[in-house]
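# Overview (structure and organization)
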Amino acid sequence: MKKYNINHLRELESESIFIMREVAAQFENPGLLFSGGKDSIVMVHLAVKAFWPAKIPFPLVHIDTGHNFEETLTFRDNLVERIGARLIVGSVQDSIDKGRVTEEKGYNASRNLLQTVTLLDTIEEHKIDAALGGGRRDEEKARAKERFFSHRDEFGQWDPKNQRPELWNIFNGRKHLGEHFRVFPLSNWTEMDIWQYIYLENIDIPSLYFTHERDVFIRDGVILSDAPFMMKRDDEEVKRMQVRCRTIGDISCTGLTMSSADNLEDIIAEIAATRVTERGGRADDMRSESAMEDRKKEGYF
């Protein structure tokens, strides 16, 4: 069975590479936001292609919540070493220790929201004027409003009603001192495009994406990974299940999927059949109808 339209994927690839080269040409100190998830991994793969045989001309920037999957951190470090990239790590724990943010308490506590302050501090500390992100318009309704070049004011905030036109793929990167841009080269990709491209290019991804056994518990219909920092109610029983990640984030809000997909072909077939969105299991998106847009306005990814 044919699993991809190669011409369609090559068109998306060319568009993303063009945007990355525009960033390198227009900005003095860009950085690539790297979460260890499939989208940011594809971003790194495209960046390597865009600037080959030179090394990618910007660092990878990872905001470490301190509650990441261990597999994600191992994969990150191995990838950075393999491609010879520079890595900048912003630590949410450091932000907590400095009193920049207050850690949430209770059963639904998560460090995901706290990443915003750490990200903005990291951008300011390293004077990053363009942060490339792996956001896609099909992920969530707030992300569907983003342009390729997304302006942020001096406070790192986003105004979805005041975005610059991008006619004929002409991108306006002009900014005032203290402002920066978020740039989304994967805007026109879908989740299926990402998986088909990973299959086409044989891109290495973390084992979390494939079915594996893990200790989990169920909360409000969402399967969550067990971890020492996860508070559980009396009726939340930890059990061993066959699961995989469809999207990877902070352990506290990453919903897992029951699955038997242990290879890329099975994952593609599973995605084609599902009617649940990729972020449908993200607990952080369920806090309110406008949860993602509110966070993005404040400076989130």
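Keep in mind that what you see is a predicted model, and the values were worked out from it rather than measured.

Definitions and limits used
- Residues numbered from 1 in each chain as written.
- Predicted model: local features only at pLDDT ≥ 70, side-chain atom pairs only at ≥ 80, totals over all residues.
- Heavy atoms only, no water.
- Axes fitted to C-alpha atoms, helices over the stretch in contact; angles between N-to-C directions.
- Helix = DSSP H or I, 4+ residues; strand = E, 2+ residues; numbered from the N terminus.
- Parallel < 35°, antiparallel > 145°, perpendicular 65-115°, else oblique.
- Left-handed = near helix turned anticlockwise from the far one by under 90°.
- Contact = heavy atoms within 4.5 Å.
- Nonpolar A, V, L, I, M, F, W, Y, C, P; charged D, E, K, R; others polar.
- 1 Å grid on protein atoms, 1.4 Å probe; cavity = no way out; pocket = protein on both sides within 12 Å on 5 of 7 lines; lining within 4 Å.
- Points joined across faces, edges and corners; volume = space filled by probe spheres on them.
- Buried < 20%, exposed > 50% of the residue type's maximum accessible area, 1.4 Å probe, protein only.

The next subject is the packing of helix 6 (residues 191-201) against helix 7 (residues 264-273). Between helix 6 and helix 7, the shortest axis-to-axis distance is 10 Å and the interhelical angle comes to 165°. With respect to each other, helix 6 and helix 7 are oriented roughly antiparallel. In this structure, the crossing between helix 6 and helix 7 has a hand that is left-handed. Here Glu 191, Met 192, Trp 195, Gln 196, Ile 198 and Tyr 199 of helix 6 come into contact with helix 7, specifically with Leu 264, Glu 265, Ile 267, Ile 268, Ile 271 and Ala 272. Considering only residue class, the contact of helix 6 with helix 7 consists of 9 nonpolar, 1 polar and 2 charged.

Moving on: the layout of surface pockets. Considering only enclosed or pocket space, the largest pocket measures out at about 560 Å³ in volume. Along the walls of the largest pocket sit 26 residues, with Leu 120, Ile 123, Glu 124, Glu 154 and Gly 178 positioned nearest its centre. By residue number, the principal contributor to the lining of the largest pocket is helix 5 (residues 115-125), which donates 6 residues. For the lining of the largest pocket, a count of residues per class yields 9 nonpolar, 6 polar and 11 charged.

Here we take up unusual backbone geometry. Both trends apply: most residues other than glycine have a negative phi, and most peptide bonds are in trans. The omega torsion of the bond from Trp 52 to Pro 53 falls at 10°, within 30 degrees of zero and hence cis. Tracing the chain through its elements places Pro 53 in the loop between helix 2 (38-51) and strand 2 (60-64). Positive phi outside glycine occurs at Trp 168, with the angle close to 55°. Assignment of secondary structure puts Trp 168 in the loop between strand 5 (149-152) and strand 6 (180-183). Using a relative accessible area of 75% as the deciding quantity, one classes Trp 168 as exposed. Phi at Asp 220 takes a positive value of approximately 55°, unusual for a residue other than glycine. Inspection of the secondary structure assignment puts Asp 220 in the loop between strand 7 (212-219) and strand 8 (222-225). Asp 220 sits in the exposed class, given a relative accessible area of 69%.

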